[in-house]
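# Descriptive analysis of the structure
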Amino acid sequence: MTGTTHDAAASVEPGPRRAPRVPSLLLTRLLHVVLWLLVAVAASAGIASLLLHASSDTATAAVQLPADTTAAEATAEVFLWAYLGGAGRGQEAAVEPFLAQPVDLRAVTPGSQYVLRTAVVASDEQAPGYWAVTVAADTLAADAGGYEPQGVRYYTVGVFDSPGGLAVTGPPSLMAAPPSAGEPARLAVTSLGRPEPGEALEAAERFLRAYLAGDGEVDRYTAPGLDLVAVSPPAYVEVVVQRAGLVRRRAGGVLLRLEVAATDDAGRTAVLGYSLDVVERAGRWEVTTVHPAAPLSAPAT
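Values in this document were obtained by computation on a predicted structure and should not be read as measured data.

## As for unusual backbone geometry
- In this model, Ser232 is joined to Pro233 through a cis peptide bond whose omega is -10°.
- Relative to the elements of secondary structure, Pro233 occurs in the loop between α4 (199-213) and β6 (238-248).

So this is what it looks like as structure tokens:
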């Protein structure tokens, strides 16, 4: 019985080995992990592409931005002031910090000029990072008894953006004055003449006396809502309109353009210009607008 049982067991051949079964829940989790890895890789590639594209756009935009000439203009202005007013034989140090290369100043008489003021009038970019800056200089020339006015002269200064910073390329060049302005602006009030008496003009003149000379309160001659503070302390003691012109507004009132002779307490007179809107309200003319500059005429339709 025993042998029979042994033989039967020995005659049965073992079947093929099966891989252990993975639970379905674990398989699902593995698939999720793989999918998230694929998403992360794709997202990383997309972000990298976007960053590369953005950095390329930024670089392109940076290249296309116009150069800022403010620093170059300031360098030219300060250099010219130092050069005209202080440089010369034995005074090379006055301009050495500005110059890219030394300049022979042995022939220059130091202190031969005195610079009252300078102002930049033009700036032309000759090449990327290189400007020709035109500077107007109001100067005095040294004389035996002091200084005499030379008037306004115009100089060009070359300024280069070097790796070490902005530098002047050489001595300034004296130039002829720039051409005068072309066609005048088309102003709303084109002609000025002797002022004709009228309530609007009288109200404007009284306002200017209060505004410039402290003759009365400004708000007595202005419309409600016009928040205006008089010049303080008063700059003049007398204000007289010497020329005037006007146009009538469609909505009522007038636009006055005035030339005013203003005299201070020392007897010095200056001519100033003002453009005012004046409107009648409740039987009294009031200033409603003080224009910062003479208004232009409306474009033709």
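## What to know about the sheet that holds strand β8 (residues 269-281)
- One open sheet accounts for four strands, arranged β6-β7-β8-β9; its pairing is antiparallel. Two strands close off the open sheet at either side, each with one partner strand: β6 and β9 (284-291). For this sheet the average axis-to-axis angle between neighbouring strands, irrespective of direction, equals 35°.
- Relative to β8, strand β7 (residues 254-263) is paired through ten bridges, and the arrangement is antiparallel. Residue pairing for β8: Glu259 is matched across the bridge by Gly273.

## Comments concerning α4
- Between its first and last C-alpha atoms α4 spans 20 Å; for 15 residues at 1.5 Å apiece the expected length is 21 Å, and the two agree.
- The buried count for α4 comes to eleven of 15 residues, which makes it a mostly enclosed element.
- Those residues of α4 that fall on the buried side of the exposure criterion are Ala200, Leu201, Ala203, Ala204, Glu205, Phe207, Leu208, Ala210, Tyr211, Leu212 and Ala213.
- If you follow the buried residues of α4, they end up packed against β6, β7, β8 and β9.

Definitions and cut-offs
Residues numbered from 1 in each chain as written. Predicted model: local features only at pLDDT ≥ 70, side-chain atom pairs only at ≥ 80, totals over all residues. Heavy atoms only, no water. Helix = DSSP H or I, 4+ residues; strand = E, 2+ residues; numbered from the N terminus. Pairing = 2+ DSSP bridges. Axes fitted to C-alpha atoms, helices over the stretch in contact; angles between N-to-C directions. Expected span 1.5 Å × (residues − 1). Buried < 20%, exposed > 50% of the residue type's maximum accessible area, 1.4 Å probe, protein only. Contact = heavy atoms within 4.5 Å.

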